[in-house]
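Chain by chain, the residues run as shown.
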Amino acid sequence: MVGYDPQAQNAAPTPQEAALAGSAAGIATRALISPIDVIKIRFQLQIECVSSRRPAGKYWGILQASRCIYSEEGLSAFWKGHTPAQLLSICYGAVQFVSFEFLTKVAHKSTPYDSQTAGVHFVCGGLAACSATVACQPLDTLRTRFAAQGEPKVYRSLRHAVSTMWRSEGPWTFYRGLSPTLLAVFPYAGMQFFFYNEILALLSEKNLICGSGAGMISKTITYPCDLFKKRLQVGGFEKARVYFGQVRSYSGLTDCMVQVAKEEGFRGFFKGFSPSLLKAALSTGFTFFWYEFFLSVTCNIREKRKTGVLTKDQERR
């Protein structure tokens, strides 16, 4: 079970165990969902309509975009920005789950609420995600820029990207899109933990299915904020986007919302929604699945060592 559980037979996970399990879950999940994430970002940044019925832009469908990216940029393009994305996953997973375990424990011991109730999971999940977002936003911005650039590449490596952005745009450029991110991440992550708790109570231990369902519901409700975040993160990066079609500059969140509504209509707020929904289902499902799996492994090792069943030599082997 995710979160502090006073009824659990084993002791609550330590911060180190939660961080390790969260990071491992992030690594495993990121490697699997990277291709669909690249396609989603390309759709979100396209000004022209994303539609197979009215193909006006470079991309108009998931299969067409996949073929286009593969033929023009090669198979490795589906893992563009994978290094910062993996660093993001490691950092985000660790901070989010350590914070969540800590907050649910505090809520259970310092308030009249049970730590395993859905309401507590909603609030603690939202706060944990906000903490992780602030800590990891620079890596998210780097990941988005790498996934967004075509050929020839503007950034040759992670180090080159960091130095170029710092020198030409200043340190605050790494926090572009933070406002819509925080606006979306609290309800999004809160609902992930909320619905995961609720669905798990119905399906019992089918954590992969529960996580997928929670991710799809949460993403549907909060999706437009994710699009605004991506648009703002590539501000100042217009020269790398000309190859893909029209480009726009936004002065802030409000200006981004107004321009998207005016030029692209209501459908513009949901560009890339299909791959994003698929990504949310896979990402959330795998994250909860792998987190519980790795947490179970680390806790079992700790308990065996405590009882003397597992020696240090056996553990090394």
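Every value quoted in this text rests on a predicted model; they were computed, and no experiment measured them.

Conventions used here
Numbers given to residues run from 1 along each chain, matching the order in which its sequence is written. Two thresholds apply to this predicted model, a pLDDT of at least 70 for residue-level local features and 80 or more for giving and counting side-chain atom pairs, whereas whole-chain, interface and lining totals are computed over all residues. With hydrogens and water set aside, each side-chain value is computed from the structure's full complement of heavy atoms. Runs of E in the DSSP output that reach at least two residues are strands. Runs of H or I that reach at least four are helices, and both are numbered from the N terminus. When we talk radius of gyration, it's over C-alpha atoms, and the globule rule is simply 2.2 Å times the number of residues to the 0.38. Any residue under 20% of the maximum accessible area for its type is buried, any over 50% is exposed, and the rest in between are partly exposed; the area is computed with a 1.4 Å probe on protein chains only. Any two residues whose heavy atoms approach within 4.5 Å at even a single point are treated as in contact. Note on areas: these come from Shrake-Rupley sampling with a 1.4 Å probe, and a residue is covered only by the protein chains present in the view. In this count, Lys and Arg are taken as positive residues and Asp and Glu as negative ones, while His and the chain termini are left out. Positions of charges follow a simple convention, taking NZ of Lys, CZ of Arg, CG of Asp or CD of Glu. UniProt positions are given in the numbering used here, feature names are shortened, and annotations may be inferred rather than shown by experiment. We count a salt bridge whenever a side-chain nitrogen from Lys or Arg sits within 4 Å of a carboxyl oxygen from Asp or Glu. Counting rule for disulfides: a pair of cysteine sulfur atoms within 2.5 Å. Helix axes are fitted only over the stretch in contact, all axes being lines through C-alpha atoms; the angle between N-to-C directions runs from 0 to 180 degrees. By definition in this entry, angles of less than 35 degrees are roughly parallel, angles greater than 145 are roughly antiparallel, angles of 65 to 115 are roughly perpendicular, and the rest are oblique.

Caption draft 1: Just the overall build of the protein, in detail. A tally of helices and strands in the protein yields 10 helices and 0 strands. In the protein, the succession of helices and strands from N to C terminus is α-α-α-α-α-α-α-α-α-α. For 317 residues, the compact-globule estimate of 2.2 N^0.38 gives 20 Å, and the protein sits close to it at 21 Å. Dimensions of the protein, computed from C-alpha atoms along their principal axes, come out at roughly 65 × 40 × 35 Å. Counting across all 317 residues of the protein, residues that qualify as buried make up 52%. A fraction of 77% describes how many contacts in the protein between residues 6 or more apart in sequence connect residues 24 or more apart. Accessible surface, the protein: about 15000 Å² in total, of which carbon and sulfur atoms supply 62%. If you average the places of the 36 positive and of the 22 negative side-chain charges in the protein, the two averages end up 5 Å apart.

Caption draft 2: Representation of the UniProt feature "repeat: Solcar" (unreviewed entry) in the protein in the model. Mapped onto the present numbering, the UniProt feature "repeat: Solcar" (unreviewed entry) falls at residues 13-106, 116-201 and 202-297. Strand forms 0% of residues 13-106 and helix 72%; the C-alpha atoms that close the span are 14 Å apart.

Caption draft 3: A look at the pattern of salt bridges. As enumerated under the stated definition, the model contains 18 salt bridges in all. Between D37 and R143 there is a salt bridge; the shortest N-O distance is 2.6 Å. Placement of D37 in helix 1 (residues 15-45) and of R143 in helix 4 (residues 118-148) is noted, with a sequence separation of 106 residues between them. We note a salt bridge from D140 to K229, for which the minimum N-O separation is 2.9 Å. With a gap of 89 residues between them, D140 in helix 4 and K229 in helix 7 (residues 207-233) connect regions that are remote in the sequence. The residues D140 and K229 share a single accessibility class, namely buried. If you follow the salt bridges from partner to partner, you end up with R30, D37, K40, D140, R143, K219, D226, K229, K230 and K279 in one network.

Caption draft 4: Representation of the state of the cysteines in the model. Inspection of the entire model under this criterion finds 0 disulfides. Unpaired in this structure, C49 has its nearest cysteine sulfur neighbour in C68, at a distance of 16 Å. In this model C210 remains outside any disulfide bridge; the closest cysteine sulfur is found in C124, 19 Å from its own. Of the residues examined, C210 reaches a relative accessible area of 0% and is grouped as buried.

Caption draft 5: Representation of the environment of F195. Mapping F195 onto the fold places it in helix 6 (residues 178-203). For the pair formed by F195 and G93, sequence separation is 102 residues and the distance between their alpha carbons is 19 Å. Filtering out sequence-adjacent residues up to four positions away, F195 remains in contact with L200, A214, I217 and S218.

Caption draft 6: Spatial organisation of the packing of helix 6 against helix 7. Interaxial distance between helix 6 and helix 7 falls to 7 Å at its minimum, and their mutual angle equals 170°. As far as their axial angle goes, helix 7 and helix 6 are roughly antiparallel.

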